[in-house]
Amino acid sequence: MFEISIDSIEEYKSKSLLTPDCGAVVTFEGRVRNHNEGQCVDSLEYEVYKTLAEKEGEKILQNAKVKFHIINAFCIHRIGHLQIGDLAVWIGVTSKHRREAFKACEFIINSVKEAVPIWKKENYCDKSIESKWVYCQEDYH
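Throughout what follows, the structure given in this document is the object of discussion. (Residues numbered from 1 in each chain as written. Predicted model: local features only at pLDDT ≥ 70, side-chain atom pairs only at ≥ 80, totals over all residues. Heavy atoms only, no water.)

Overview of the overall build of the protein
Along its length, the protein carries 2 helices and 9 strands. Going from the N terminus to the C terminus, the protein shows its helices and strands as β-β-β-β-α-β-β-β-α-β-β. In terms of overall dimensions, the protein has C-alpha extents of about 55 × 25 × 25 Å along its principal axes. Relative to its full complement of 141 residues, the protein shows a buried share of 41%. Sequence separation of 24 or more characterises 73% of the internal contacts of the protein that already satisfy a separation of 6 or more. As displayed, the protein has an accessible area near 8,100 Å², and 50% of this comes from carbon and sulfur atoms. Here the protein contributes 19 positive and 22 negative side-chain charges, whose respective centroids are spaced 6 Å apart. (Helix = DSSP H or I, 4+ residues; strand = E, 2+ residues; numbered from the N terminus. Buried < 20%, exposed > 50% of the residue type's maximum accessible area, 1.4 Å probe, protein only. Contact = heavy atoms within 4.5 Å. Areas by Shrake-Rupley, 256 points an atom, 1.4 Å probe, with all protein chains shown as cover. Lys, Arg positive; Asp, Glu negative; His and termini not counted. Charge placed at Lys NZ, Arg CZ, Asp CG, Glu CD.)

Considering the sheet that holds strand β7 (residues 87-95)
Overall, mixed pairing links the 4 strands, which are arranged β1-β5-β7-β2 in an open sheet. Every other strand in the sheet has two partners, leaving β1 (2-5) and β2 (24-31) as the edge strands with one partner each. Averaged over all pairs of adjacent strands, the angle between their axes in this sheet comes to 10 degrees, without regard to strand direction. Examined bridge by bridge, β1 and strand β5 (residues 72-78) share 4 bridges and lie parallel to one another. Paired with I4 across the bridge in β5 is H77. (Pairing = 2+ DSSP bridges. Axes fitted to C-alpha atoms, helices over the stretch in contact; angles between N-to-C directions.)

So, the side chain of T94
Along the chain, T94 falls in strand β7. In contact with T94, not counting residues within four places along its chain, are L17, C22, A24, V25, I70, I71 and N72.

A closer look at the nonpolar core
I91, V93 and I108 are the most contacted members of the largest nonpolar core, which has 31 residues in total. For this core, the element with the highest residue contribution is helix α2 (residues 98-115), accounting for 6 residues. Those residues in contact with I91, other than ones at most four positions away along the chain, are V26, T27, F28, F74, C75, C105, I108 and I109. Core analysis: the second largest hydrophobic core is formed by 7 residues, I9, Y12, F74 and W90 among them. (Core = buried A, V, L, I, M, F, W, Y, C linked by side-chain atoms within 4.5 Å.)

Points about the packing of aromatic side chains
The description of two aromatic rings rests on the distance between their centres and on the angle between their planes. Scanning the model with the defined rule gives 4 aromatic pairs in all. Aromatic rings pair up to connect Y12, F74 and W90 into one cluster. (Phe/Tyr/Trp six-rings, centres within 6.5 Å; stacked < 30°, edge-to-face > 60°.)

Looking at the pattern of salt bridges
Evaluation of the coordinates by the stated rule reveals 5 salt bridges. Among the salt bridges present, the one from E10 reaches R31, with a minimum N-O distance of 3.0 Å. Here the residue E10 occupies a position in the loop between β1 and β2, and R31 occupies one in strand β2, the gap between them amounting to 21 residues. Residue classification places E10 among the partly exposed residues on the basis of a relative accessible area of 30%. (Salt bridge = Lys/Arg side-chain N within 4 Å of Asp/Glu carboxyl O.)

Take a look at the structure:
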């Protein structure tokens, strides 16, 4: 299941994904950091094309299930104004074995950054520097 939320997504960290055939649970937390490309970042603002984002997100999760033979996958991405340290994205993957779960989790976050229409605006500590929209695809390494 892929979701977009304007509210805090901290409670998803404790979401139980376990099933009797599950041998591995891998999760990923993406948090707002205080820097990017040499600039001190004060906060971020995320915007989304929600209908398309949810459709593309579901497609990514289904592809991960087929490609990596995982049991289940869940992803939630936050939108709105976020502060340093806030949880921006959470992914949970279950599988019979850990290798598939790790690979699927990495595939999901990379695919979400690349294909899901979510944009972020960086607000800088130095207020003389104008806030800037950052194309998320270029942010992950």
